[in-house]
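Summary of structural features
If you want the building blocks of each chain, they are given just below.
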Amino acid sequence: MVFITAIFSAGLHAQKTDTTGDNDKIFTTPVEIMPEFKGGMTRFYTHLEDIPYLFLDRMNCREGKTIVLLVIEKDGNVSDVKVVHGISKKEDDQVIKVIKRLQKWKPGMQSGRPVRVQYAIPINFKILD
């Protein structure tokens, strides 16, 4: 039996990232209204259950935490999905595939305007007896 858990947390960094001006700023610290998955976080976690725990990783007893960074855009789309720590390259690819399929979010808001917000999602892969 395989057990996958996910804990959702906002931002790993303590500063704001500015690329080419205020319009493209990515907030990595909490904003006034944080992005919200349409349907709520329970539904979000349900979607993460679609991440397959690959046979080879299970057979080689690869367990651990995968950390995924993603940006919720001003229009609610998910972008810039990348695994910064994973258990295997093939598993990382599966995680990215599922995250990219997620529906739009309600965007984060700062000073009454939608903003880009970076999230870090830790996902635990554990083999249960």
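For the structure, check the block above.
The following paragraphs examine the structure supplied in this document. (Residues numbered from 1 in each chain as written. Predicted model: local features only at pLDDT ≥ 70, side-chain atom pairs only at ≥ 80, totals over all residues. Heavy atoms only, no water.)

Inspection of every chain in the model, using the stated rule, returns five aromatic pairs. Here the aromatic rings of Phe-44 and Trp-105 are separated by 5.5 Å at their centres, their planes lie at 65°, and the arrangement is edge-to-face. Taken together, the residues span a long stretch of sequence, with Phe-44 in helix H1 (residues 41–48) and Trp-105 in strand S7 (residues 105–106) at a distance of 61 residues. With a centroid separation of 5.8 Å and an interplanar angle of 35°, the aromatic rings of Trp-105 and Tyr-119 are classed as tilted. Taken together, the residues Trp-105 in strand S7 and Tyr-119 in strand S9 (residues 113–127) connect sequence positions 14 residues apart. Exposure class is identical for Trp-105 and Tyr-119. Each is buried. (Phe/Tyr/Trp six-rings, centres within 6.5 Å; stacked < 30°, edge-to-face > 60°. Helix = DSSP H or I, 4+ residues; strand = E, 2+ residues; numbered from the N terminus. Buried < 20%, exposed > 50% of the residue type's maximum accessible area, 1.4 Å probe, protein only.)

The next subject is the environment of Val-117. Relative to the helices and strands, Val-117 resides in strand S9. Sequence separation of Val-117 and Thr-29 is 88 residues, and the distance between their C-alpha atoms is 8.0 Å.

This next bit is on the nonpolar core. The biggest cluster of nonpolar side chains holds 25 residues, and the ones touching the most others in it are Leu-70, Ile-99 and Ile-121. For this core, the secondary structure elements donating two or more residues are H1, strand S5 (64–72), strand S6 (78–85), helix H3 (89–100) and S9. At six residues, the largest contribution of residues to this core is made by S9. Among residues more than four places away in sequence, those in contact with Ile-99 are Leu-48, Val-68, Leu-70, Val-78, Val-81 and Ile-121. (Core = buried A, V, L, I, M, F, W, Y, C linked by side-chain atoms within 4.5 Å. Contact = heavy atoms within 4.5 Å.)

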